[in-house]
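# Structural features, examined
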Amino acid sequence: MAAIWAGDIMRNHEFRIMKKVGLLQIFLSFAKVGALTFGGGYAMLPLLQKEAVERHNWLTDNDISDYYALAQCSPGLIAVNMAVYIAYPLRGLAGVVAAALGVIAPSVLIILLLATLLQTLSHIELITHAFAAIRAAVAVLVIQAVYRLYKNGIVDTPTQIIFILTLIAGVLNIISPVLMILIAAFSGIIIQIIKKRKAGDGQ
Amino acid sequence: MIYALLFWEFLKIGLFAVGGGLAALPFLYNLSDHYNWFNYHELIDMIAVAESTPGPLGINMATYIGFKVAGVGGSLVASLSLILPSIAITTIICTMLKRFRESKQVQWAFYGLRPAVAGLIGAIALSLLQIAIFKENFRFGAAVDIKALLLSLLLLPAVFKLKQHPIVYIALAALVGIIFKF
């Protein structure tokens, strides 16, 4: 089975993963991402790019973007869905469980710790100050993550237009993200069909 | 049986809340109406705590509610049942994705999806920046938080040029926030 998965990865990605990735490695990598993700699933992106793309070469920036689109439309938590999409090609179901447990373990531990001390802790001034500054850092990190996705995803004028339209729609918050992703997928197919037609007419 | 009830309720949320942690909110309001586990006020407190602690929002909320209702066991039951549908459904999608991802139509769909994901997260990035830099919700004349603005302007070139692990910037920001009283 492992050989089949490895074969798939080799076809899917530019790089080669010859060695079987350890389950503990998967668990720890995702625990790290879970522990450092402040905010929703989008805040994971810079961390996933660093851990899974740059450090371990498990996948590419484009794969991350594709999985994010799928994770948004699949039921459940985006973070857990992302963990599943990334871990499945590495180690199948065992990898999926390791990654999902890894990504939630730090949260569960921290909240349990906080819940026992909550009344006092949530009002400590130091923590408020720290989080106000962390929010600025997370914003900047997400901007850089978007820049990477932009570089990979925007390849011509139609993709440029899709980017600008979704950015505007997102800022104005007029369409649900799930609907936007469905529309974008559909538009991608239509645009490609039109392109093929035009190329056919030209000959 | 309180564990079975927690399991069932959070399994439902995990199955039907599409689009991340905040999508679970309407379900949690519903829970609050049905059981005497927590009231609206506590729910808002929970959101604040969940937003300011690391990790997926939904897990933070499930752990907290589970703990409140049935202690440590309750928190484990709630958080595990919340992720169970994600794991099951997404794994099934994965097995099919392997087959479909190389098909032409799926490639075309991703051609449209990639810029959309960049745009959607770009919009989130802008709203994050706005929350970090403006003291109140954005409107004309809203007070700009000079310290946060300066920190963002300093971090921006650093993040693009230095390419350190994100933890470096998060830890650095936390330190700066404490020292300069953000």
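Residues numbered from 1 in each chain as written. Chains lettered and ligands numbered in written order. Predicted model: local features only at pLDDT ≥ 70, side-chain atom pairs only at ≥ 80, totals over all residues. Heavy atoms only, no water.

### Focus: the pattern of salt bridges
Residue and element names in this part refer to chain A. This is how the line gets drawn: A pair is scored as a salt bridge if a Lys or Arg side-chain nitrogen falls within 4 Å of a carboxyl oxygen belonging to Asp or Glu. Put simply, DSSP marks the helices as runs of H or I at least four residues long and the strands as runs of E at least two long, and each gets a number from the N terminus on. For every residue, the accessible area (1.4 Å probe, protein chains only) is compared with the maximum for its type, and the residue is labelled buried under 20%, exposed over 50%, or partly exposed between those bounds.
All told, the structure shown has eight salt bridges over all chains when counted by the stated rule. Arg148 is the partner of Asp61 in a salt bridge, and the nearest nitrogen-oxygen pair spans 2.9 Å. Of the two residues, Asp61 sits in helix α4 (residues 61-73) while Arg148 sits in helix α6 (residues 125-153), which places them 87 residues apart along the sequence. A relative accessible area of 12% means that Asp61 is categorised as buried. For Arg148, a relative accessible area of 13% gives the class buried. Linking Asp156 and Lys195 is a salt bridge whose minimum nitrogen-to-oxygen distance equals 2.6 Å. Here Lys195 lies in helix α8 (residues 177-202) and Asp156 lies in the loop between α6 and α7 (157-172), a separation of 39 residues in the sequence. Members of the salt-bridge network, linked through shared partners, are Lys50, Glu54, Asp61 and Arg148.

### Comments concerning the packing of aromatic side chains
This is how it is decided: Stacked, tilted and edge-to-face are the three classes assigned to paired rings of Phe, Tyr and Trp, where Trp is represented by its six-membered ring and a pair needs centres within 6.5 Å; plane angles under 30 degrees give stacked, over 60 edge-to-face, the rest tilted.
Under the defined criterion, the tally for this structure stands at five aromatic pairs over all chains. For the ring pair A:Tyr147 and B:Phe160, a centre distance of 5.3 Å and an interplane angle of 65° mean the geometry is edge-to-face. Of this pair, A:Tyr147 sits in helix α6 while B:Phe160 sits in helix α6 (residues 146-162), each in a different chain. The exposure class of A:Tyr147 is partly exposed, given its relative accessible area of 39%. Note on B:Phe160: relative accessible area 27%, which makes it partly exposed.

### Quick word on the interface of chain A and chain B
Operational definition: In what follows, a contact means two residues having at least one pair of non-hydrogen atoms within 4.5 Å. What qualifies as a polar contact is a pair of N or O atoms within 3.5 Å, subject to a donor-acceptor requirement within protein and to the restriction that residues adjacent in sequence count only when both atoms come from side chains. Residues are grouped as follows: Ala, Val, Leu, Ile, Met, Phe, Trp, Tyr, Cys and Pro are nonpolar; Asp, Glu, Lys and Arg are charged; all remaining types, including Gly, are polar.
Of the residues lining the interface, 100 residues belong to chain A; the matching set on chain B comes to 83 residues. There are one salt bridge connecting chain A and chain B. Of the charged contacts, one joins A:Asp66 and B:Arg114 as a salt bridge, the two residues approaching to 2.7 Å between their closest N and O atoms. Remark: the boundary between chain A and chain B carries ten residue pairs in polar contact (both at pLDDT 80 or more). For the side of chain A that touches chain B, the elements supplying multiple residues, two or more each, are α1 (2-12), α2 (23-36), α3 (45-55), α4, α5 (78-121), α6, α7 and α8 of chain A. The class makeup of the residues in the side of chain A that touches chain B is 68 nonpolar, 21 polar and eleven charged.

### Looking at the confidence of the model for chain A
Which entries qualify depends on this criterion: What pLDDT reports is the predictor's confidence in each residue, on a scale of 0 through 100.
Chain-level statistics for chain A give a pLDDT mean of 84 and a share of 86% at 70 or above. pLDDT under 50 marks residues 1-16 of chain A. Its contacts with residues more than four places away, or in other chains, come to 23 contacts.

### Quick look at α7(A)
Residues and elements named next belong to chain A. So the rule is basically this: In this scheme, a helix's expected span is set at 1.5 Å multiplied by one less than its residue total. Each direction from the helix axis to a C-beta atom contributes to the arc, which is the arc of those directions.
Along its 16 residues, α7 runs 23 Å from first to last C-alpha, staying within 8% of the 22 Å computed at 1.5 Å per residue. Listing the buried residues of α7 in full gives Thr159, Ile162, Phe163, Thr166 and Ala169. On an axial view of α7, the arc spanned by its buried residues comes to 140°, and they lie on one face. In α7, the exposed positions that point more than 90 degrees away from the buried face belong to Thr157, Leu165 and Leu172.

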